[in-house]
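Notes for the structure review
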Amino acid sequence: MTATAPITQDVLTLPRKLPEGGKVNIVGLTREQLRAALVAAGTPEKQAKMRLGQIWQWVYHWGVRDFAVMTNLAKDYRAFLAEHFTIEIPEVVSRQISADGTRKYLVRIAGGHEVETVYIPEESRGTLCISSQVGCTLTCSFCHTGTQKLVRNLTAGEIVGQVMLARDDLGEWPKPGEPKDETRLVSNVVLMGMGEPLYNFDNVRDAMQVVMDNEGLTLSRRRITLSTSGVVPEIARAAEEIGCLLAVSFHATTDEVRDKLVPINKRWNIETLLNALREYPRLSNSERITFEYVMLKGVNDSDADARRLVKLIAGIPAKINLIPFNEWPGAPYQRSDWERIEAFADIVYKAGYASPIRTPRGEDIMAACGQLKSATERARKSSKEIAAEAGL
Ligand code: SAH
Ligand code: SF4
């Protein structure tokens with residue numbers, strides 16, 4: 001490990017339950033945690049399971065934020081809840097809507113920090129891209145988020161809260177008395193916003209448990225994709241404890257190049273990463289692994305790279321998602337030419353792998369992959385620092 005590539009998960013993590021004037025925020029607690037919190041506050045043990053089910057439905061099925069509305073609970077019990085608990089989600093500071101319909105939310109979390117959440121509507125689905133950290137401790141040289149100095153882990157409530165605030169904005173909560181609408185606006189969730197989700201493992205796992213619960217937000221684990229830069233020791237745990245789909249930021253076919261693009265490669269190199277990935281689908285009973293591959297002009301986009309890539313991943317059920325590089329101010333790379341990207345995709349496709357080219361979405365509002373970063377420009381690294389970390 002070098003001094004220029006700090007690989008650490010030693011970042012500030014807030015207490016799991018956010019005490020607001022001594023109150024516990026319900027949002028983000030798993031069923032077991034909420035049950036325990038209800039009992040700790042004085043709910044009789046015998047009633048706890050039933051109360052938990054009722055509250056859960058109000059919060060995650062109906063989207064209710066006020067205990068007074070929970071009419072199937074006795075008035076006294078509602079008052080008791082209001083005394084001990086809150087139902088809080090992060091605040092949307094601003095919302096931008098791209099010409100292509102993509103929505104970017106700037107979200108304020110406790111401590112005044114900000115993260116971004118992006119909603120990408122498509123014909124047959126709507127994908128919400130959520131953040132797991134403020135900034136990122138990793139320093140991938142092509143990623144805007146990696147240039148942000150300040151880092152803090154999001155709580156489980158702040159992660160679940162991003163799904164809830166998008167449903168608020170899109171008006172997606174069911175309305176009592178109205179027939180159930182089967183079309184889902186937020187039909188998929190990708191952990192591809194700011195941060196490395198596997199460096200905030202417990203909060204991400206708990207949040208996904210809440211999101212996947214089938215009496216609440218009911219997103220199936222096959223509609224959730226977690227993207228990692230390659231935190232090898234946590235990959236098997238993700239399979240066992242979360243079980244969602246996995247995407248890996250691969251981006252290079254030699255250790256020499258990957259060391260520069262994704263510095264975590266110095267800790268766990270390509271071979272080690274691939275060995276961990278071979279186990280994933282079996283452990284999680286999941287479908288193919290998505291290999292994300294950012295197309296950087298003259299860096300990782302040759303025919304030889306494409307051929308090496310398919311050789312490396314042989315035997316892994318995979319699809320290759322080619323991401324045209326999205327530029328940001330001061331970025332030390334350029335997007336590969338379109339013909340190059342297509343030629344690369346063709347080689348991968350002919351080797352038997354789906355090789356979709358990801359259409360950049362929301363570029364006009366800086367909402368595309370890798371462009372996310374809080375407006376805290378004060379904390380920005382200099383272009384010299386960025387170039388030094390890229391080994392340029
Ligand atoms: N930290 C996680 C998830 C967030 S990044 C990870 O790295 O996997 C989501 C995807 O966008 C990753 O594959 C990342 O490598 C890619 N990405 C980052 N910066 C980019 C950029 N400027 N252009 C295109 N893709 C980028
Ligand atoms: Fe962090 Fe992912 Fe960006 Fe790398 S690509 S700096 S891991 S957010």
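What counts and how
- Residues numbered from 1 in each chain as written.
- Chains lettered and ligands numbered in written order.
- Predicted model: local features only at pLDDT ≥ 70, side-chain atom pairs only at ≥ 80, totals over all residues.
- Heavy atoms only, no water.
- Phe/Tyr/Trp six-rings, centres within 6.5 Å; stacked < 30°, edge-to-face > 60°.
- Buried < 20%, exposed > 50% of the residue type's maximum accessible area, 1.4 Å probe, protein only.
- Lys NZ or Arg CZ within 6 Å of the ring centre and 35° of its normal.
- Near = heavy atom within 4 Å.
- Nonpolar A, V, L, I, M, F, W, Y, C, P; charged D, E, K, R; others polar.
- Helix = DSSP H or I, 4+ residues; strand = E, 2+ residues; numbered from the N terminus.
- Polar contact = N/O pair within 3.5 Å; in protein donor to acceptor, adjacent residues only side chain to side chain.
- Pairing = 2+ DSSP bridges.
- Axes fitted to C-alpha atoms, helices over the stretch in contact; angles between N-to-C directions.
- Areas by Shrake-Rupley, 256 points an atom, 1.4 Å probe, with all protein chains shown as cover.
- Salt bridge = Lys/Arg side-chain N within 4 Å of Asp/Glu carboxyl O.

Some words on the packing of aromatic side chains
On inspection of all chains with the given rule, the structure shows five aromatic pairs. Here Phe 325 and Tyr 333 contribute two aromatic rings whose centre-to-centre distance is 6.2 Å and whose plane-to-plane angle is 85°, an arrangement assigned as edge-to-face. Across the pair, exposure class does not vary: Phe 325 and Tyr 333 are buried alike. Cation over ring: Arg 237 sits above Phe 201, and NZ or CZ is 3.9 Å from the ring centre.

Some points on the site of ligand 2
The environment of ligand 2 is formed by Cys 136, Leu 138, Cys 140, Cys 143, Gly 146, Gly 195 and Ser 229. Taken together, the residues that form the shell around ligand 2 break down as four nonpolar, three polar and no charged.

Some remarks on the side chain of Ser 355
Looking at the element boundaries, Ser 355 is found in the loop between helix 10 (338–350) and helix 11 (383–389). Polar side-chain contacts of Ser 355 include one of 3.0 Å to the backbone oxygen of Ala 345.

Examining the sheet that holds strand 9 (residues 188–191)
What holds strands together in a sheet is hydrogen bonding between their backbones, with the strands either parallel or antiparallel. Read across the sheet, nine strands follow the order 3-4-5-6-9-10-11-12-13 without closing on themselves; strand pairing throughout is mixed. The sheet is open, and its two edges are formed by strand 3 (91–97) and strand 13 (318–324), each paired on a single side. Direction aside, neighbouring strands of the sheet carry axes that sit 20° apart on average. Sheet analysis places strand 6 (residues 126–129) next to strand 9, joined by three bridges and oriented parallel. In the sheet register, Cys 129 faces strand 9, and the bridge partner there is Val 190.

Topic: the site of ligand 1
Near ligand 1 there are 20 residues, and of these Phe 142, Gly 195, Ser 227, Ser 249 and His 251 occur at the shortest range. Between ligand 1 and Phe 142 there is a distance of 2.9 Å, counted from a nitrogen atom to a backbone nitrogen or oxygen. Gly 195 has a polar backbone atom sitting 2.8 Å from a nitrogen atom of ligand 1. In isolation ligand 1 has 540 Å² of accessible area, and contact with the protein removes 95% of it. Looking at the shell around ligand 1, the elements with two or more residues in it are strand 10 (224–228) and strand 12 (289–295). Looking at side-chain class alone, the shell around ligand 1 contains nine nonpolar, nine polar and two charged residues.

Regarding the pairing of strand 10
Within strand 10, five of the five residues are buried, leaving the element largely enclosed by the surrounding structure. Going residue by residue along strand 10, you find Ile 224, Leu 226 and Thr 228 tucked away on one face and Thr 225 and Ser 227 tucked away on the opposite face as well. Here three bridges tie strand 9 to strand 10, and the two strands are oriented parallel to one another. Residue pairing in the sheet places Val 190 in a bridge with Thr 225 of strand 10.

As for the pattern of salt bridges
Tallying each qualifying case throughout the model produces 26 salt bridges. Put simply, Arg 205 and Asp 206 hold a salt bridge, and the shortest N to O gap is 3.2 Å. Residues Arg 205 and Asp 206 agree in their burial class; the two are buried. For the salt bridge of Arg 237 with Glu 241, the shortest nitrogen-to-oxygen distance reads 3.1 Å. One end of the pair, Arg 237, and the other, Glu 241, are both in helix 6 (residues 232–241), four residues apart, so they sit about a helical turn from each other.

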